[in-house]
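One letter stands for each residue in the lines below.
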Amino acid sequence: MDYHILREFADSWAALALLLVFVGAVIWAFRPGSSKVHDDIANIPFRHEDKPADRG
């Protein structure tokens, strides 16, 4: 493969594919049903606030 062919592919189709992956990841992270999951993950450090976690 020639450098110019790879360069043309990277400038057009690869950039479009990466943009679509990014937009898909943003839509997946902010989907309507994910707020419960995000709230649960955000509260992980506070789960054992009243007593220490078991060592075993």
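Refer to the structure above for everything that follows.
Residues numbered from 1 in each chain as written. Predicted model: local features only at pLDDT ≥ 70, side-chain atom pairs only at ≥ 80, totals over all residues. Heavy atoms only, no water.

Thoughts on a nonpolar patch on the surface
Now for step 1: A cluster of nonpolar residues, Phe 9, Trp 13, Leu 16, Leu 19, Leu 20, Phe 22, Val 23, Val 26, Ile 27 and Phe 30, forms a patch on the protein surface that exposes about 1,100 Å² of accessible area.
Now for step 2: Its location among the elements puts Val 23 in helix H1 (residues 3-29).
Now for step 3: For Val 23, a relative accessible area of 37% gives the class partly exposed. (Patch = residues over 30% accessible without salt bridge, like charges linked within 9 Å, V, L, I, M, F, W, Y side chains within 5 Å. Areas by Shrake-Rupley, 256 points an atom, 1.4 Å probe, with all protein chains shown as cover. Salt bridge = Lys/Arg side-chain N within 4 Å of Asp/Glu carboxyl O. Helix = DSSP H or I, 4+ residues; strand = E, 2+ residues; numbered from the N terminus. Buried < 20%, exposed > 50% of the residue type's maximum accessible area, 1.4 Å probe, protein only.)

Notes on the pattern of salt bridges
Now for step 1: Overall, the coordinates contain two salt bridges when judged by the stated rule.
Now for step 2: Close ionic contact of Asp 11 with Arg 7 constitutes a salt bridge, the shortest N to O distance being 3.1 Å. A residue pair is termed a helical-turn pair when its members lie 3 or 4 positions apart in one helix, as Asp 11 and Arg 7 do in helix H1 at four residues.
Now for step 3: Under the relative-accessibility criterion, Asp 11 is labelled exposed at 52%.
Now for step 4: Overall, the relative accessible area of 44% leaves Arg 7 in the partly exposed class.
Now for step 5: In this structure, Arg 47 engages Asp 40 in a salt bridge whose closest nitrogen and oxygen atoms are separated by 2.9 Å.
Now for step 6: Judged by its relative accessible area of 43%, Asp 40 is partly exposed.

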